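# Analysis of the macromolecular model
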2 protein chains.
Amino acid sequence: MEELRTLVLYDVVNDKPRLKISEACLDFGLTRIQYSAFAGRLTRNKRQELFLRLRSLLEGESGKIFIQPVCGRDADEMLLWETDTAGEGEANEVG
Amino acid sequence: MEELRTLVLYDVVNDKPRLKISEACLDFGLTRIQYSAFAGRLTRNKRQELFLRLRSLLEGESGKIFIQPVCGRDADEMLLWETDTAGEGEANEVG
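Reading across from one edge, β6(A)-β5(A)-β4(B)-β1(B)-β3(B)-β2(B) is the order of the six strands in this open sheet, with antiparallel pairing throughout. Every interior strand has two partners, whereas the edge strands, β6 (89-90) of chain A together with β2 (31-34) of chain B, have only one. Pairing between strand β1 (residues 4-12) of chain B and strand β4 (residues 63-70) of chain B: eight bridges, direction antiparallel. In the sheet register, B:L7 faces β4(B), and the bridge partner there is B:Q68. Where helix α1 (residues 15-27) of chain B meets the sheet, its contacts fall on β1, β2, β3 (37-42) and β4 of chain B, and the angle it forms with β1(B) comes to roughly 170°. Across the sheet, helix α2 (residues 44-57) of chain B is in contact with β5 (79-83) of chain A together with β1, β3 and β4 of chain B; its angle to β4(B) comes to roughly 175°.

Structure, rendered in structure tokens:
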């Protein structure tokens, strides 16, 4: 089954469920790209499975989960810029 | 020119440039979907223009900007879950 680059974003109020969500993303082989964002390649089934896992971790908690697959053509249009602490910029890769 | 749903994510250390980046996203007609994430429809030219604007706002600052267009087919595969403060979940729409 085709794996697509998948973005996972979340806003979670409390630290404990937020940490569990980040650990679940790592379990699924994703890479942290921002403080509350992960990326990596997942099949449609794995995306669904991750979504259900994250939903269950949010039970009784306040927050938001957003999972977005990105096809290869769109991934090529990605724009990325990162600066170090001195504010020097460079373009980097996303997993 | 074709407009695609575009996701804008950022991690910015200092409050002032982070606020300016969120204001620039609003200027471009995007909607806040998470604390440091916006979404909305942009042409390729507008995405490039926004990227340059955000890069200039990061000059001398420490942070990361990520802009990802999403085609209609991928947008249909988006998974979204939001819970209120009581932890009751529901699926919502993204701009």
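Let us now look at the relation of the copies chain B and chain A. Mapping chain B onto chain A calls for a rotation angle of 180° and an axial translation of 0.0 Å; the resulting RMSD is 0.0 Å. On the angle and the small slide along the axis, the relation comes out as a two-fold axis. Across chain B, the rotation axis passes nearest the C-alpha of B:V70, at a separation of 3.1 Å. A shared binding surface is used by both copies, with 100% of the interface residues of chain B retained as interface residues in chain A.

Quick notes on the rules
Residues numbered from 1 in each chain as written. Chains lettered and ligands numbered in written order. Predicted model: local features only at pLDDT ≥ 70, side-chain atom pairs only at ≥ 80, totals over all residues. Heavy atoms only, no water. Pairing = 2+ DSSP bridges. Helix = DSSP H or I, 4+ residues; strand = E, 2+ residues; numbered from the N terminus. Contact = heavy atoms within 4.5 Å. Axes fitted to C-alpha atoms, helices over the stretch in contact; angles between N-to-C directions. Least-squares fit on C-alpha atoms with pLDDT ≥ 70 in both.

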